[in-house]
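Next come the chains, spelled out residue by residue.
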Amino acid sequence: MKQGTGREPVKTSSPHRFTPRLAASSGPAPGFNAPGAGHTGDFRQVILPHLDGAYNLARYLTRDPVLSEDIVQDAVLRAFRAFGQFRGGSARAWLLMIVRNCCRTSLASGNGTAGFALHEASAEDSDEQADPAPNPEEALQRKSDAERVRAAIEDIPEPFREAVVLRDLEELSYAEIAQVTGVPIGTVMSRLSRGRSLLANELLPPQASEGEQSRSAK
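Keep in mind that what you see is a predicted model, and the values were worked out from it rather than measured.

Taking 1.5 Å of rise per residue, 19 residues should cover 27 Å, and helix α8 (residues 185-203) covers 26 Å from first to last C-alpha, within 8% of that figure. Regarding α8, the residues found buried are Val 188, Arg 191, Leu 192, Gly 195, Arg 196, Ser 197, Leu 198, Leu 199, Ala 200 and Leu 203.

Here is the structure:
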């Protein structure tokens, strides 16, 4: 994670990439209420690059991949309709705040709306050179490690899980997390410290876990 712990940040990646209907057409997708002339192109440029992060947050908050797709669809609809009210700042934090609110609403009501198409990410989708293909043993180990990390994060109670995902996976600043969650920065830091300690208990050997808790307390 961050803050000089000597370890790599906890990172998990989804094998999917969102392709919303809005991005594939010359105008608003069915069901979208346009916020005004010229806003559709701005929306694509400013908001749509953060869809993977939106899904990642929804996935960890709900612990349900199917429900998360529905929630992101709903969140993007809301963001598009409200985009005329966006006054700058962190578009990523603004979108994730909407996703967070949609998660809470959906979990409370049990409702969701479908509509996103998921496509496998290909090498052409990335500007970075792909890593050399691992051998079968390495591939299995990586998958096992990723699943172990994901399960450990999902076991952390809210709101500590939320703080860890926003800071260590989505790399938001403390101020952006405070914007998303609606709590003071001091509370964000406290939740993050506790969440990291809980995660260390799950993932690290006992002695290493004790060291991580000591560093998080500083």
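Two numbers describe how helix α4 (residues 91-109) lies on helix α7 (residues 174-181): the axes approach to 8 Å, and their chain directions differ by 35 degrees. As for how α4 packs across α7, the hand of that crossing is right-handed. Every residue of α7 that contacts α4 at Ala 93, Trp 94, Leu 96, Met 97 and Arg 100 is listed here: Glu 176, Gln 179, Val 180 and Thr 181.

In this section: the nonpolar core. The biggest cluster of nonpolar side chains holds 49 residues, and the ones touching the most others in it are Phe 43, Trp 94 and Val 99. Those elements giving two or more residues to this core turn out to be α2 (51-62), α3 (65-81), α4, α5 (136-155), α6 (160-169), α7 and α8. Looking at this core, the element that brings in the most residues is α4, giving nine residues. Residue contacts for Trp 94: discarding those within four places in its chain leaves Ile 47, Ala 79, Ala 82, Phe 83, Phe 86 and Gln 179.

Attention now moves to empty space enclosed by the protein. Enumeration over the complete set of coordinates arrives at two cavities of 30 Å³ or more. A volume near 40 Å³ is recorded for the second largest cavity. Residue lining of the second largest cavity: Pro 159, Glu 162, Ala 163, Ile 177, Thr 181, Val 183, Val 188 and Arg 191, and that is the complete set. Of all the elements in the fold, those that place two or more residues in the lining of the second largest cavity are α6, α7 and α8. A class-by-class count of the residues in the lining of the second largest cavity yields five nonpolar, one polar and two charged.

Averaged over the chain, the pLDDT score is 73; the fraction of residues at 70 or greater is 60%. Averaged pLDDT values for the elements of the chain fall to 28 in strand β2 (residues 117-120) and rise to 95 in α7. Note on residues 1-9: pLDDT under 50 across the span, and 18 contacts to partners over four residues away in sequence or across chains. In the predicted structure, residues 112-131 sits below a pLDDT of 50 and forms 34 contacts with residues beyond four places in sequence or in another chain.

About the thresholds
Every chain is numbered on its own, with residues counted from 1 as its sequence reads. Whole-chain, interface and lining totals are the exception, using all residues; otherwise, since this is a predicted model, local features are given only for residues with pLDDT of at least 70 and side-chain atom pairs are given and counted only at 80 or more. Excluding hydrogens and water, the side-chain values take into account all heavy atoms of the structure. Helix and strand assignments follow DSSP, with helices taken as H or I runs no shorter than four residues and strands as E runs no shorter than two, numbered in order from the N terminus. Here the expected length of a helix is defined as 1.5 Å per residue gap, with one fewer gap than residues. The rule is simple: take the accessible area with a 1.4 Å probe, protein chains only, and divide by the maximum for that residue type; under 20% is buried, over 50% is exposed, in between is partly exposed. Think of each axis as a best-fit line through the C-alpha atoms, taken over the contacting stretch in the case of a helix, with angles from 0 to 180 degrees between the N-to-C directions. The sense of a crossing depends on the near helix, which, turned anticlockwise from the far helix by less than a right angle, makes the crossing left-handed and, turned clockwise, makes it right-handed. Here, residues are in contact when the closest pair of their heavy atoms is within 4.5 Å. The set of buried Ala, Val, Leu, Ile, Met, Phe, Trp, Tyr and Cys residues whose side-chain atoms join them within 4.5 Å is what this entry labels a nonpolar core. The method works on a 1 Å grid over the protein atoms by themselves. A cavity is a set of points holding a 1.4 Å probe that cannot get out, a pocket is an open set with protein on both sides within 12 Å along at least five of seven lines, and residues with an atom within 4 Å of a point line them. Grid points are joined across faces, edges and corners, and a volume is the space filled by probe spheres set on the points. The classification used treats Ala, Val, Leu, Ile, Met, Phe, Trp, Tyr, Cys and Pro as nonpolar, Asp, Glu, Lys and Arg as charged, and all other residues, Gly among them, as polar. The pLDDT value tells you how sure the predictor is about a given residue, anywhere from 0 up to 100.

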